[in-house]
Amino acid sequence: MSDCVFCRIVAGQIPSTRVFEDEDTVAFMDIGQVNPGHVLVAVKRHADNLYALDEAQAAAVARTSARVARAIRDAFAPAGLSVYQANGKAAGQTVFHYHVHLLPRHEADGMELTWPVKNPPREKLEGYAEKIRTQLA
Ligand code: 5GP
Ligand code: ZN
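Residues numbered from 1 in each chain as written. Chains lettered and ligands numbered in written order. Predicted model: local features only at pLDDT ≥ 70, side-chain atom pairs only at ≥ 80, totals over all residues. Heavy atoms only, no water.

Trainee: Is there a simple way to think about the coordination of the zinc ion (ligand 2) in this case?
Mentor: The textbook angles at a metal center are 109.5 degrees for a tetrahedron of four donors and 90 or 180 degrees for an octahedron of six. Protein-derived ligands of the zinc ion (ligand 2) are C4 (SG), C7 (SG), H46 (ND1) and H97 (ND1), with the metal-ligand distances lying across 2.0 to 2.3 Å. Geometry at the zinc ion (ligand 2) is tetrahedral, judged from the 4 donor atoms that bind it and their angles of 104 to 118° at the metal. In the primary structure, the donors to the zinc ion (ligand 2) are separated according to the pattern C-x2-C-x38-H-x50-H. Residue C4 is found in the segment before α1 (5-10), and its partner H46 is found in the loop between β3 (39-43) and α2 (55-76); the two are separated by 42 residues along the sequence. Given a relative accessible area of 14%, C4 falls into the buried group. For H46, a relative accessible area of 33% puts it in the partly exposed group. (Donors = N, O, S within 2.8 Å, 3.2 Å for Na, K, Ca; no water. Tetrahedral: all angles 85-135°; square planar, octahedral: opposite > 155°, others 65-115°. Helix = DSSP H or I, 4+ residues; strand = E, 2+ residues; numbered from the N terminus. Buried < 20%, exposed > 50% of the residue type's maximum accessible area, 1.4 Å probe, protein only.)

As structure tokens, then:
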């Protein structure tokens, strides 16, 4: 039996409250429910994080996330919805099986993400972009 809690959920070895599934993804209620209607979209085949997804998994997660997000909007009429996804412990990942949070939001709901902007000069942006482009080439 897998040690990975989400692999066990996918396999039905531990219970989950599912809302949707297709060939590559499963969407189920986050046990923590930061706000009512908080759903996780996970890949079925284990991938640790975003870096490990293949093309089909990446496309399937995007499709399922958009579809389930619209259902959450229609079911709960939240004031907003955050899409949250963590890769690595430093980013706050606690379950190392790729998943996306669909989190309904309300004014002053206590959900905080500090965003310490640096606003560097354009030359800095160019330098950062060039490093990434080199890897993409
Ligand atoms: P992250 O890795 O993105 O920080 O968060 C993992 C999320 O998985 C948490 O929000 C946590 O509540 C949820 N979670 C952890 N274990 C289980 C579980 O066994 N079942 C469900 N439904 N959610 C879980
Ligand atoms: Zn897994």
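Trainee: How should the site of ligand 1 be read in this particular structure?
Mentor: The local shell around ligand 1 holds 15 residues, among which D30, G92, T94, H99 and H101 are the closest. Between a nitrogen atom of ligand 1 and a main-chain N or O atom of I31, the distance comes to 3.3 Å. A distance of 3.0 Å separates an oxygen atom of ligand 1 from a polar backbone atom of V95. The fraction of the free accessible surface of ligand 1 (520 Å²) that becomes covered by protein chains is 79%. When atoms are counted within 2 Å of each cavity's grid points, the one that captures over half of ligand 1 is the largest pocket. Among the secondary structure elements, those contributing two or more residues to the shell around ligand 1 are α1, β2 (25-29) and β5 (99-105). (Near = heavy atom within 4 Å. Polar contact = N/O pair within 3.5 Å; in protein donor to acceptor, adjacent residues only side chain to side chain. Areas by Shrake-Rupley, 256 points an atom, 1.4 Å probe, with all protein chains shown as cover. 1 Å grid on protein atoms, 1.4 Å probe; cavity = no way out; pocket = protein on both sides within 12 Å on 5 of 7 lines; lining within 4 Å. Sits in = over half its atoms within 2 Å of the grid points.)

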